[in-house]
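Here is what each chain is made of, one letter per residue.
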Amino acid sequence: MSRTMRRFLSGGMARRPFGNALAPVLLLALAPVHGQEADRWRFRQFQLDNDYFPVPYTTPEDRFYTNGMRVSLGRGVFEPDTDGLPFWLRRVRKACAGCSIFPNFSIGHQIYTPEDVGNSDPQPGERPWAAWLYAGFGAAVDTADRARHDIEVQIGVTGDLAGGEPGQRFWHDIANGPEALGWDNQLGPDLGINGYYNFQRILWSAEDEEVVDWDFVPSVKAAAGTMMTYAGVGGTVRIGRGIRDFPYSPIRPSERSVSVDVLPNLAIYGFIGADIRAVAYNYFLEGSLFRDEPVTVEPERYVWDFHFGVTARFRRYNITYAVVRRSEEFERTVGNDSGIHTFTSVSLTVGFR
């Protein structure tokens, strides 16, 4: 066991509020599920994006979208009825009477920084310092023709209340990263609200018990609000054994995986995919809609992501490791490269009906 991990387990978590927040996640994930009733909120997923995790054939980066974390709770599937359905989903049921609905509630945190985190001065031409702490309300809505609608509304805060500085200090202590000195220059405090929509359909697939499973899942997505406004398309190819449900997605920032079935055997598969988004507005680059910020940058209006990884499932537990390569998000006038960024994403998802 590494010195960093020993320090983390032996007391690092106990001394820091972010560590204390992580401790219940493992307890919730490993706790037994008593009964399958849909009227109880239970742990569904823990996701962590970070650009300091090991990526094959690359040097770890500590910049731009540098960390994201989300803990999601869910209630069991609601088949065609409304008994016990959260009030924010009643209209969804009326619009899709035959759909299966999986309600979700999440708490998330995201951190954005320039490349030189050791510089305490403002850095014109570089990505602004910013953090986003939010609560998300939404659902995955499955149709009978192997399609899924993901909908979510996020409400949150930026600025000091978002906890970017203590959050980054916590992760840097774990990874032996450098001290981040520029948080006095972060984007100012705002109350934000944003809506997200993602549509996926399993278009082509093949299941062969003697060989492999594979499928192709295209997607369409959109966002609008005071934090992000964009529209995009993409697709994912998966190949392996025991492919179920829909593809995993990093915190981007709304899509998520919902494991449903409890599998009796080990399932494992790889995936590779890409998407492109037309970006009309990005708070984390352009700053607030309601006031001028001292340091902002001009966003690129088209951004692509390329991602690949592996998912393993056994019984009700789903573990995913993914690598995301993201194109330049802004017109960079400083630094040593064009601003293409790589980060990794890991998740633990618990399936239940």
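Please refer to the structure placed before this passage.
Summarised in this report is the structure supplied together with it.

How each quantity is defined
- Residues numbered from 1 in each chain as written.
- Predicted model: local features only at pLDDT ≥ 70, side-chain atom pairs only at ≥ 80, totals over all residues.
- Heavy atoms only, no water.
- Helix = DSSP H or I, 4+ residues; strand = E, 2+ residues; numbered from the N terminus.
- Expected span 1.5 Å × (residues − 1).
- Polar contact = N/O pair within 3.5 Å; in protein donor to acceptor, adjacent residues only side chain to side chain.
- Contact = heavy atoms within 4.5 Å.
- Core = buried A, V, L, I, M, F, W, Y, C linked by side-chain atoms within 4.5 Å.
- Buried < 20%, exposed > 50% of the residue type's maximum accessible area, 1.4 Å probe, protein only.

1. Description of helix H4 (residues 164-175)
End to end, H4 covers 16 Å across 12 residues, agreeing with the expected 16 Å (1.5 Å per residue, within 8%). Just downstream of H4 lies Asn176, where phi reads positive at about 55°.

2. A closer look at the side chain of Asn50
Here Asn50 lies in strand E1 (residues 42-50). Within the structure, Asn50 has its side chain in polar contact with the side chain of Asn67 (distance 2.6 Å). Asn50 has contacts with Thr66, Asn67, Phe343 and Thr344, leaving out every residue within four places of it along the chain.

3. Description of unusual backbone geometry
Here Arg146, not a glycine, exhibits a phi torsion of approximately 60°, which is positive. Structurally, Arg146 can be placed in the loop between strand E4 (130-142) and strand E5 (147-157).

4. Thoughts on the side chain of Ser345
Within the secondary structure layout, Ser345 lies in strand E13 (residues 341-350). Looking at Ser345, its side chain comes within polar contact range of the side chain of Asp49, at 2.6 Å. At a separation of 2.6 Å, a polar atom in the side chain of Ser345 contacts the side chain of Tyr248.

5. A few points about the nonpolar core
Core analysis: the largest hydrophobic core is formed by 18 residues, its most contacted members being Met227, Met228, Tyr230, Tyr283 and Phe284. The element contributing the most residues to this core is E4, with 3 residues. Discounting chain neighbours no more than four positions away, the residues touching Phe284 are Tyr112, Arg127, Pro128, Ala130, Trp132, Leu187, Met227 and Met228. Counting residues in hydrophobic clusters, the runner-up holds 8 residues, among them Leu85, Cys99, Ile101 and Val141.

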